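Analysis of the macromolecular model
As a plain string of letters, each chain reads:
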Amino acid sequence: MKRLLLLTILLVISFSGFSQEKETKEEKAKGSTFQGVKYGVRTGLTISNLDFDATPTMENKHRNSFYVGFFADIGLSKTISLVPEIQFSPEGAKAEVLHLDYIQIPILLRFRISEKIHFGLGPQVGLKVYKYEDGIQNFAYSGVAGIEYKLTHVLFTDVRYTYGISDIFDDAQGITAKNTNIQIGVGYKF
């Protein structure tokens, strides 16, 4: 009887010892730098305008439209992630000759400020898809900054500001302007 009790106690101790070692390995895996990849979609309102160096000869009113895009959120650590995207964004100004529709590829470095608030910053390249050989560059380069608020585990809202780094007009035009853009939207992570 004593031997059976002693054998039972030894088995319980050995099982609990192995399970503690397993939990430690799982905890170490959770503490690793790579946090996985999440995919998602975002859409919303875009308010765009052109920032001319000189007074423009045409009326320069902002253009309102809707953007849509897809992204991957690659967790590098618990506080930093890399977020490459592809999106369609109508930009430019209200005048039809200044409509600039882009397929854009922003790459943001996103920082976790709190459980619900994230801040992102990064470069963006855009390919004009609406018109060609109209005196406006086919590629646009911009800087992007944005803030995201997590509504639920999968749903979020965000605001972004984009400022053009490159001149949108060809050199032959003799005009210099940069594209500015505000995006207000919602997103869903899969």
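Conventions and cut-offs
- Residues numbered from 1 in each chain as written.
- Predicted model: local features only at pLDDT ≥ 70, side-chain atom pairs only at ≥ 80, totals over all residues.
- Heavy atoms only, no water.
- Salt bridge = Lys/Arg side-chain N within 4 Å of Asp/Glu carboxyl O.
- Helix = DSSP H or I, 4+ residues; strand = E, 2+ residues; numbered from the N terminus.
- Phe/Tyr/Trp six-rings, centres within 6.5 Å; stacked < 30°, edge-to-face > 60°.
- Buried < 20%, exposed > 50% of the residue type's maximum accessible area, 1.4 Å probe, protein only.
- Pairing = 2+ DSSP bridges.
- Axes fitted to C-alpha atoms, helices over the stretch in contact; angles between N-to-C directions.
- pLDDT = per-residue confidence, 0-100.
- Contact = heavy atoms within 4.5 Å.
- Core = buried A, V, L, I, M, F, W, Y, C linked by side-chain atoms within 4.5 Å.

When their charged atoms lie close together, side chains carrying opposite charge are able to pair. Per the stated rule, a full pass over the model turns up 12 salt bridges. Linking Glu115 and Lys150 is a salt bridge whose minimum nitrogen-to-oxygen distance equals 3.7 Å. Here Glu115, found in the loop between strand E4 (99-112) and strand E5 (117-128), pairs with Lys150, found in strand E6 (residues 139-150); they are 35 residues apart in sequence, far enough to count as distant.

Take the packing of aromatic side chains next. Centre distance and the angle of the planes are the two values used to describe a pair of aromatic rings. One pass over the full model with this rule turns up 3 aromatic pairs. Aromatic side chains Phe71 and Phe156 sit 5.9 Å apart centroid to centroid with 70° between the ring planes, which places their arrangement in the edge-to-face category. Here Phe156 lies in strand E7 (residues 155-164) and Phe71 lies in strand E2 (residues 63-75), a separation of 85 residues in the sequence. Neither Phe71 nor Phe156 differs from the other in exposure class; each is buried.

Turning to the sheet that holds strand E3 (residues 80-92), a few remarks are in order. An order of E1-E2-E3-E4-E5-E6-E7-E8 is seen for the 8 strands of this closed barrel, with the pairing classed as antiparallel. Strand-to-strand twist across the sheet, computed as the mean angle between neighbouring axes with direction ignored, equals 25°. Alignment of E2 against E3, held across 6 bridges, turns out to be antiparallel. Within E3, the position partnered with Gly69 by the bridge is Gln87.

Let us look at the pairing of strand E8 (residues 177-189). Examined bridge by bridge, strand E1 (residues 36-52) and E8 share 13 bridges and lie antiparallel to one another. Across the sheet, residue Val41 finds its bridge partner in E8, namely Tyr188. With 9 bridges connecting them, E7 and E8 associate as antiparallel partners. Paired with Val159 across the bridge in E8 is Ile184.

Moving on: the confidence of the model for the chain. Here the chain averages 84 in pLDDT, while 81% of its residues score no lower than 70. Of all helices and strands in the chain, the one with the weakest mean pLDDT is helix H1 (residues 2-30) (46), whereas E7 scores best (97).

When you line up the elements, Ser142 lands in strand E6. Among residues more than four places away in sequence, those in contact with Ser142 are Gly122, Pro123, Gln124, Thr162, Tyr163, Gly164 and Ile165.

What follows concerns the nonpolar core. Counting residues in each nonpolar core, the largest one holds 11 residues, listed as Leu50, Phe52, Ala93, Leu98, Leu100, Tyr102, Ile136, Ala140, Ile168, Phe169 and Ala177. Elements supplying a minimum of two residues to this core: E1 and E4. Counting residues in each nonpolar core, the second largest holds 5 residues, with Phe71, Val83, Leu108 and Phe156 among its members.

A few words now on the pairing of E2. Note that E1 and E2 share 13 bridges and pair antiparallel. Bridge pairing links Thr43 to Val68 in E2. What sits between the antiparallel neighbours E2 and E3 is a turn of 4 residues.

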